[in-house]
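# Notes for the structure review
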Amino acid sequence: MENILELNNITKNYEAFTLNQVSFACPQGSIMGLIGPNGAGKTTIIHSILDVIKLDGGSVRIFGKDRHDLSMEEKAQIAVVYDDNCLPAYLAAKEIGKIFQRIYPNWDAQIFQEYMERLEIPQKTAVRDMSKGNKIKMNLAVALSHHPRLLILDEITSALDPLMREEILSLFLEFIEDESRSILFSSHIITDLEKIADYITFINNGQVVFSKEKDELLYNYTLVRCKASAFHEIDKNELIAYRAQESYVDILIEKESACKMPPNASLTEKPTIEEIMLILAKGEKV
Amino acid sequence: MRGLLIKDFYNLKKTMTVYVIMTIILSAYCAFTNKSSFVSINPILIFSTTITSTFSMDNSVKWDKLAVPAPLKRSDIVKSKYMLLLLIIAVGIGTGTVFALPVIFTKAITITAFVNMTLFSASIALCAGSLSLAFLYITHRGPEKIELIIIFAYAGAALIVIGFAKLLNLAAAPLDFNKIILSLINLLLVFLIFAVSCRISIRCYDNCDIC
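### Focus on the packing of aromatic side chains
Throughout the structure, instances matching the rule amount to 11 aromatic pairs over all chains. Ring centres 6.1 Å apart and planes at 20 degrees place the aromatic pair Phe-100 of chain A and Tyr-104 of chain A in the stacked group. Accessibility expressed as a relative area gives 4% for Phe-100 of chain A, which makes it buried. Overall, the relative accessible area of 6% leaves Tyr-104 of chain A in the buried class. Taking 5.4 Å as the distance between ring centres and 70 degrees as the angle between the ring planes, the aromatic pair formed by Tyr-82 of chain B and Phe-194 of chain B counts as edge-to-face. Of this pair, Tyr-82 of chain B sits in helix α5 (residues 74-105) while Phe-194 of chain B sits in helix α8 (residues 179-206), and the two are 112 residues apart along the sequence. By relative accessible area, which is 2% here, Tyr-82 of chain B ends up buried. The structure contains a cluster of three or more aromatic residues connected by ring pairs, namely Phe-100, Tyr-104, Trp-107 and Phe-112 of chain A together with Trp-63 of chain B. Here Lys-65 of chain B stacks its cationic end above the ring of Tyr-82 of chain A, 4.3 Å away from the centre of that ring. When the ring centre of Tyr-205 of chain B is taken as reference, the NZ or CZ atom of Arg-74 of chain B above it lies at 5.6 Å.

### As for the sheet that holds strand β15 (residues 284-285) of chain A
Residues and elements named next belong to chain A. Spatial strand order, β14-β11-β13-β12-β15: five strands in an open sheet with antiparallel pairing. Of all the strands in the sheet, the pair left with one neighbour each is β14 (267-269) and β15. Relative to β15, strand β12 (residues 239-244) is paired through two bridges, and the arrangement is antiparallel. Looking at β15, one finds that Ala-241 is bridged to Lys-285.

Cut-offs applied
- Residues numbered from 1 in each chain as written.
- Chains lettered and ligands numbered in written order.
- Predicted model: local features only at pLDDT ≥ 70, side-chain atom pairs only at ≥ 80, totals over all residues.
- Heavy atoms only, no water.
- Phe/Tyr/Trp six-rings, centres within 6.5 Å; stacked < 30°, edge-to-face > 60°.
- Buried < 20%, exposed > 50% of the residue type's maximum accessible area, 1.4 Å probe, protein only.
- Helix = DSSP H or I, 4+ residues; strand = E, 2+ residues; numbered from the N terminus.
- Lys NZ or Arg CZ within 6 Å of the ring centre and 35° of its normal.
- Pairing = 2+ DSSP bridges.

Next up, the structure:
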């Protein structure tokens, strides 16, 4: 499958933070979930992809081309929604539509109207007078109304109520039904990504911890929860990472290693992505 | 670039009322207090300050984070602001001319004085706008410093334009040039500042991180 987005060793240095040689790829027709704790570098990655910040190293390829070689028509096929409103705050839907019609050659006023209605966005209210959820929905309607092939979302679902989140997640699934499109979806709400993502990239301290197919993550790993007193009996060579709690230890292992765990390693279960992230980010890697 | 200009136009439309009221009051004051020659300059100078308001409005929502990934060149984003400055000054000149018509008809000022004052204030507005925009792009300063920028830009612009006028008067004294031609030359010199400012701003914006 062709990659719609490729990051190759991208590096960005700040005084207090470094995005260090980040590489991953998002195949066409898929949703890539970008997860990681606050300050891990998710937004910096998104800014790098969009050329909002200048890279100190590495390259970004979109639609198979270096980001800087994209034509205006290709740039028009990229859309982004941030976690806060970026649209002119004093304006309402009609005026915003007129602005973007003149910025995006592929702007579709009818689709914009349809999204406004489907997402129940007040059309005569200025953006600044909207609720946070409606602001995000308005930004999303704008992003989807110029027929993007690559949709980049930065923590947008946290401002939405569960019902609207559900609606928007189904909208994303519709979006990638056309297999030429992809979504890069950064989110804290990992359950959302568990529902819709095909791939998960986990970023911690400015580095990629893993970038894998979601199913591979969910089915290839096993979580073992054992008593702290029994932890020393476990062969450490079988572990990927572990996280010691007060009276027990959460251990992440390959599925095949589950049978090698001692019988008193009490509980063996399928981990959620959140549990995998927590053990890898906060625990000890072996 | 048209989309960016329309965005600024809509934004200004929402906030223009205060500026229009201020302009009318000041112009009326000038007309009724024997300061008729200042009637035409108020709209030009007051309207031109709104260029920095468009910056505040953009910054408050981090508009550039949407504009940079859009099918626009970074240089177009900068050029649109400079283009807007020219349009605002043109609107100011148009409004100033309308305001000045009664005082011209009543012969409170001569047409020469009106043209001279218009060219002079357009030069100050263009110079101040160019200085403000260059400062904003070079320093990446947000709206928190905008009032200071306006004060320094207009003070600096007045000094520059008056300085140019004095130099031109000195240089042209033996040639006995028409004052309007000297004002036009002054405006052309300010256009040079405008062009240099635009070029510097494009270079800075091309290489900067937006957030």
